[in-house]
Amino acid sequence: LTGAELIEVEQGGQSKKAALTLRSGLPIQSLYQQSGAADSTSSNFSVSDGIPQNTDGKEIFSQAITPLSAANNILIEWQLNISHSAASGASVFSGLFVDATANALAATLDTNDNNSAFAITLRGAYRVVAGSTSARTYKLRYGANAGTAYINGFGGRNFGGVLLSWMRVSEVTP
């Protein structure tokens, strides 16, 4: 399905054709992953004007999707519960990548200006025209500018596994 389809309806023994127009952003397919597990990485990234690379940080989610129509959009959304034990000046990031492309498609960043450890929720979204019906894999990475970044807790899991980080990849109408 795309934004406009021609459908055929039979009524009273007669076949009638009608145009069906779908609103923009309606889901066609949606793939979702979540995790309440603790995770960590000391694989760092640089806070600069450079685009994050697919070797920065650590991959936490990977999701393949095969669009049903090249005209539809792919919408990727994510939320990471991330922490860092360093004091002032520590930064954490998330970066979205596709297939083997080195440059990030989108990224989120937060920096701690306090003099204590911190935990935050990084949220991001990215929308792109599918452009083809070829399969592609979206990957989410996270990390810190120095030291260690933690997912779903401080140095270990918090809240018994119900503190959830997630990623959703959806095909939506244009």
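For the structure itself, consult the block above.
Procedures and definitions
Residues numbered from 1 in each chain as written. Predicted model: local features only at pLDDT ≥ 70, side-chain atom pairs only at ≥ 80, totals over all residues. Heavy atoms only, no water. Phe/Tyr/Trp six-rings, centres within 6.5 Å; stacked < 30°, edge-to-face > 60°. Helix = DSSP H or I, 4+ residues; strand = E, 2+ residues; numbered from the N terminus. Buried < 20%, exposed > 50% of the residue type's maximum accessible area, 1.4 Å probe, protein only. Lys, Arg positive; Asp, Glu negative; His and termini not counted. Salt bridge = Lys/Arg side-chain N within 4 Å of Asp/Glu carboxyl O. Polar contact = N/O pair within 3.5 Å; in protein donor to acceptor, adjacent residues only side chain to side chain. Contact = heavy atoms within 4.5 Å. Core = buried A, V, L, I, M, F, W, Y, C linked by side-chain atoms within 4.5 Å.

Engineer: Which residues make up the packing of aromatic side chains, and what are the values?
Structural biologist: This model, assessed by the stated rule, comprises two aromatic pairs. Judged by centre distance (4.1 Å) and plane angle (45°), the rings of Phe-45 and Phe-93 are tilted. Taken as a pair, Phe-45 in the loop between strand E4 (39-41) and strand E5 (58-65) and Phe-93 in strand E7 (residues 91-98) lie far apart in primary sequence, 48 residues in all. The same class applies to Phe-45 as to Phe-93, namely buried.

Engineer: So what about the side chain of Asp-56? Which residues, and what values?
Structural biologist: Along the chain, the position of Asp-56 falls in the loop between E4 and E5. The side chain of Asp-56 is buried and forms no salt bridge, while Arg-141, the nearest opposite charge, is found at 7.1 Å. Within the structure, Asp-56 has its side chain in polar contact with the backbone nitrogen of Gln-53 (distance 2.9 Å). Contact partners of Asp-56, with chain neighbours within four places excluded, come to Ser-43, Asn-44, Phe-45, Phe-93 and Arg-141.

Engineer: Report on the nonpolar core, specifying residues and quantitative values.
Structural biologist: Ranked by internal contacts, the top residues of the largest apolar core, which has 25 residues, are Ile-76, Trp-78, Leu-80, Ile-82, Val-92 and Tyr-138. Among the secondary structure elements, those contributing two or more residues to this core are E5, strand E6 (73-84), E7, strand E9 (118-129), strand E10 (136-144), strand E11 (149-151) and strand E12 (165-172). When residues in this core are grouped by element, the largest group, five residues, is from E6.

Engineer: Residue-level account of unusual backbone geometry, with values.
Structural biologist: A positive phi angle, near 45°, is found at Asp-99, a position not held by glycine. Here Asp-99 lies in the loop between E7 and strand E8 (106-111). Residue class for Asp-99 comes out partly exposed when judged on its relative accessible area of 35%. Even without being a glycine, Phe-159 presents a positive backbone phi close to 60°. Structurally, Phe-159 can be placed in the loop between E11 and E12.

Engineer: Break down the side chain of Arg-141 for me, citing the residues and quoting the values.
Structural biologist: Its place among the elements puts Arg-141 in strand E10. Summary of buried charges: Arg-141 has no salt-bridge partner, and the nearest side chain of opposite charge, Glu-59, is 4.2 Å away. Looking at Arg-141, its side chain comes within polar contact range of the main-chain oxygen of Asn-54, at 3.3 Å. Only 2.8 Å separates the side chain of Arg-141 from the backbone oxygen of Gly-57, close enough to count as a polar contact. When sequence neighbours within four positions are dropped, the list of residues in contact with Arg-141 reads Asn-54, Thr-55, Asp-56, Gly-57, Lys-58, Glu-59, Ile-60, Phe-93, Ser-94, Gly-95 and Phe-97.

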